[in-house]
Amino acid sequence: MGNERDLCAYDDIIGLPHPVSARHPQMSLHDRAAQFSPFAALSGYEDAVGEAGRLTSEKIELGEDAKAVLNTCLARLAACDRPWAAVTFFVPDSLKPGGEYRMVAGTVKRVDSDTRCVWMADGVRIPIEDIWRIELPEEG
């Protein structure tokens, strides 16, 4: 019931028209809204904060056993005509140390020992030294 008491306190002015200054022109709604817009004193600050917050991963160095498994998989891919494989590989970040791991699944066009790359049928080129894992379909 405190609300009724508060309303009664303004009964004398509640019906009065909005005051308009005789000295100062009324501000447009656009200008009034601009007063409350965010202040961007540092251009590029938001981008820098976003970039600093973006996480990257370190490249995993493979042991000898994992390298032997990859070499076996690469040999199987090279021996087949357009085999299917899922390849997980490291992509270095262009802006900061580290990078991210991506997985591409599809038909392998060729394993190129000269350029040391695996070429997928969709045009993706994967450097062999960046491959972390190759998944091949089960033979049966």
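Check the entry above for the structure.
Here the structure is a predicted model, which means the values were calculated and not measured. (Residues numbered from 1 in each chain as written. Predicted model: local features only at pLDDT ≥ 70, side-chain atom pairs only at ≥ 80, totals over all residues. Heavy atoms only, no water.)

Undergrad: Help me out: how do you make sense of the state of the cysteines in this one?
TA: The bond known as a disulfide is covalent and runs between the sulfur atoms of two cysteines. Under the counting rule described, the total for this entry stands at zero disulfides. In this structure Cys73 is not part of a disulfide, and its nearest cysteine sulfur, from Cys80, lies 11 Å away. By relative accessible area, Cys73 is classed as buried at 11%. Between Cys117, a cysteine without a disulfide, and Cys73, which holds the nearest cysteine sulfur, the sulfur-to-sulfur distance is 18 Å. (Disulfide = S-S within 2.5 Å. Buried < 20%, exposed > 50% of the residue type's maximum accessible area, 1.4 Å probe, protein only.)

Undergrad: Any chance you could explain helix H4 (residues 64-79) here in plain terms?
TA: What sets the pattern is the α-helix's 3.6 residues per turn: residues three or four places apart point alike. The first and last C-alpha atoms of H4 sit 23 Å apart over 16 residues, in line with the 22 Å expected at 1.5 Å per residue. Buried residues of H4: Leu70, Cys73, Leu74 and Leu77, and no others. Along the axis of H4, the buried residues cluster in a sector spanning 100°; they form a single face. Exposed and facing more than 90 degrees away from the buried side of H4 are Glu64, Asp65 and Ala79. Among the structural elements, strand S1 (84-92), strand S2 (99-112), strand S3 (117-120) and strand S5 (131-135) are those in contact with the buried residues of H4. (Helix = DSSP H or I, 4+ residues; strand = E, 2+ residues; numbered from the N terminus. Expected span 1.5 Å × (residues − 1). Arc of directions from axis to C-beta. Contact = heavy atoms within 4.5 Å.)

Undergrad: Can you walk me through the packing of aromatic side chains in this structure?
TA: By convention here, two paired aromatic rings are described through the distance between centres and the angle between planes. A complete count under the given rule lists two aromatic pairs for this structure. Aromatic ring contacts, followed pair by pair, group Phe90, Tyr101 and Trp132 into a single cluster. (Phe/Tyr/Trp six-rings, centres within 6.5 Å; stacked < 30°, edge-to-face > 60°.)

Undergrad: Quick question: what am I supposed to make of the environment of Pro97 here?
TA: Mapped onto the secondary structure, Pro97 falls in the loop between S1 and S2. Linking Pro97 and Ser37, residues 60 residues apart in sequence, is a C-alpha distance of 36 Å.

Undergrad: Looking at this model, I keep getting lost on the pattern of salt bridges. Mind explaining?
TA: Pairing is possible between side chains of opposite charge, provided their charged atoms come close. Following the criterion strictly, the structure yields five salt bridges and no others. The partner of Arg102 in a salt bridge is Glu100, with the nearest N and O atoms 2.9 Å apart. Arg102 sits in the partly exposed class, given a relative accessible area of 41%. By relative accessible area, Glu100 is classed as partly exposed at 39%. (Salt bridge = Lys/Arg side-chain N within 4 Å of Asp/Glu carboxyl O.)

Undergrad: In this structure, what is going on with the sheet that holds S1? I would like to understand it.
TA: Strand pairing in a sheet relies on backbone hydrogen bonds, with the paired strands running either antiparallel or parallel. Taken in spatial order, the five strands of this open sheet run S4-S3-S2-S1-S5, and their pairing is antiparallel. In this open sheet, the two edge strands, each paired with only one partner strand, are strand S4 (125-127) and S5. The sheet shows a mean angle of 40° between the axes of neighbouring strands, taken without regard to direction. Sheet topology places S3 next to S4; three bridges connect them, and they run antiparallel. Looking at the pairing, Trp119 lines up with Arg125 of S4. H4 contacts S1, S2, S3 and S5 of the sheet and is inclined by roughly 55° relative to S5. (Pairing = 2+ DSSP bridges. Axes fitted to C-alpha atoms, helices over the stretch in contact; angles between N-to-C directions.)

Undergrad: Would you explain the side chain of Thr88 in this entry?
TA: Inspection of the secondary structure puts Thr88 in strand S1. Leaving out residues up to four positions away in the same chain, Thr88 has contacts with Tyr101, Arg102, Met103, Asp130, Ile131, Trp132 and Arg133.

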